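Architecture and fold: a report
Below, each chain spelled out in residue letters.
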Amino acid sequence: MSRIAKIPVSLVKGVEASVAAGAITVKGPLGTLTRAISANVKVSVGDGKVSFVAGDATREAKAMSGTLRALVAGMVLGVSKGFERRLNLVGVGYRAQAQGDKLNLSLGFSHPIVHQMPAGVKAETPTQTEIVIKGADKQKVGQVAAEVRGYKPPEPYKGKGVRYVDEVVVLKETKKK
């Protein structure tokens, strides 16, 4: 069995989980998340903990039990504390502005870029060159951050573009004569 699946997921105060119809639902102060359960993993909720057991002795069942345990642990963390990704805009005239469920970007193109935020994900702009993407679903937050970064990834000569706060951009040396 997966060693990670042997450790049950503890439910923090204010978070509750339920298993029904082949799906697990986790409810908390920041929202509700639902994920389908693999047929070869048995999930049990009780005593403030969620336990996972492989349904049979196959390699796939053992792997899925650990994977599902890690996903549910992320769901519990998401509905209790939430996830966030921070992006920086590096370049002259590069700006971002959050308006409701839209993110307006000026990235040096001849037109502004308007990125529509999916349900459950919010964008904030503390400064014009900083974007904070927040949400309860770790996968959605990461995907939205990757899409925004994809509009203008950092280029290797001056480092201009949209980058993660903790991202290191290795700059190339310019061509010599």
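Quick word on the overall build of the protein chain
- The helix and strand inventory of the protein chain stands at 2 helices and 13 strands.
- Radius of gyration (C-alpha) of the protein chain: 21 Å, far over the 16 Å computed for a compact globule of 177 residues.
- Taken over the C-alpha atoms alone, the protein chain extends approximately 65 × 40 × 25 Å along its principal axes.
- Per-residue burial for the protein chain yields a buried fraction of 32% across its 177 residues.
- For the protein chain, the share of sequence-separated contacts (at least 6 apart) that also reach a separation of at least 24 residues comes to 51%.
- For the protein chain, the computed accessible surface area is about 10,700 Å², with 53% contributed by carbon and sulfur atoms.
- For the protein chain, the centre of its 28 positive side-chain charges and the centre of its 14 negative side-chain charges are spaced 4 Å apart.

Some thoughts on the nonpolar core
- By size, the foremost hydrophobic cluster in this structure holds 19 residues, and its most contacted members are Leu105, Ile131, Ile133 and Val148.
- Listed by contribution, the elements that provide at least two residues to this core are strand S7 (83–90), strand S9 (102–106), strand S11 (121–124), strand S12 (130–135), helix H2 (138–151) and strand S13 (161–164).
- No other element matches the 4 residues that H2 contributes to this core.
- Among the nonpolar cores identified, the runner-up in size contains 18 residues, and Leu11, Val41, Leu68 and Val79 belong to it.

Section: unusual backbone geometry
- For Ala21, which is not glycine, the phi torsion reads 55° and is therefore positive.
- Residue Ala21 is classed as exposed on the basis of its relative accessible area, which comes to 88%.
- The backbone of Asp47 sits at a positive phi, close to 60°, despite the residue not being glycine.
- In this fold, Asp47 is placed in the loop between strand S5 (41–46) and strand S6 (49–54).
- Overall, Asp47 belongs to the exposed group, its relative accessible area being 78%.

Looking at the pattern of salt bridges
- By the definition in use, this model includes 5 salt bridges.
- A salt bridge links Arg86 to Glu130; the shortest N-O distance between them is 2.9 Å. Separated by 44 residues along the polypeptide, Arg86 in strand S7 and Glu130 in strand S12 bring together distant segments of the chain.
- Salt-bridge contacts for Glu173 lead to Lys176; the nearest nitrogen and oxygen are separated by 3.4 Å. Grouping residues by exposure puts Glu173 and Lys176 together as exposed.
- Within this structure, Glu84, Arg86 and Glu130 form a network of salt bridges that share partners.

Topic: the sheet that holds S9
- Strand order in this open sheet of 3 strands is S8-S9-S10, and the pairing throughout is antiparallel. Each of the sheet's edge strands pairs with one partner strand only, and the pair in question is strand S8 (95–99) and strand S10 (113–116). Strand after strand, the sheet turns through a mean of 20° between neighbouring axes, direction not considered.
- As paired strands, S8 and S9 are joined by 5 bridges and run antiparallel to one another. Of the residues in S9, the one forming a bridge with Ala98 is Leu103.
- Each of S9 and S10 touches H2; the most contacted strand, S10, lies at about 170° to it.

Some remarks on the packing of aromatic side chains
- Summed over all chains, the structure comprises 0 aromatic pairs.
- Stacked on the ring of Tyr164, the Lys or Arg Arg85 has its end atom at 4.3 Å from the ring centre.
- It is Lys152 that lies over the ring of Phe109; its NZ or CZ is 4.7 Å from the centre.

About the thresholds
Residues numbered from 1 in each chain as written. Predicted model: local features only at pLDDT ≥ 70, side-chain atom pairs only at ≥ 80, totals over all residues. Heavy atoms only, no water. Helix = DSSP H or I, 4+ residues; strand = E, 2+ residues; numbered from the N terminus. Rg over C-alpha atoms; globule rule 2.2 N^0.38 Å. Buried < 20%, exposed > 50% of the residue type's maximum accessible area, 1.4 Å probe, protein only. Contact = heavy atoms within 4.5 Å. Areas by Shrake-Rupley, 256 points an atom, 1.4 Å probe, with all protein chains shown as cover. Lys, Arg positive; Asp, Glu negative; His and termini not counted. Charge placed at Lys NZ, Arg CZ, Asp CG, Glu CD. Core = buried A, V, L, I, M, F, W, Y, C linked by side-chain atoms within 4.5 Å. Salt bridge = Lys/Arg side-chain N within 4 Å of Asp/Glu carboxyl O. Pairing = 2+ DSSP bridges. Axes fitted to C-alpha atoms, helices over the stretch in contact; angles between N-to-C directions. Phe/Tyr/Trp six-rings, centres within 6.5 Å; stacked < 30°, edge-to-face > 60°. Lys NZ or Arg CZ within 6 Å of the ring centre and 35° of its normal.

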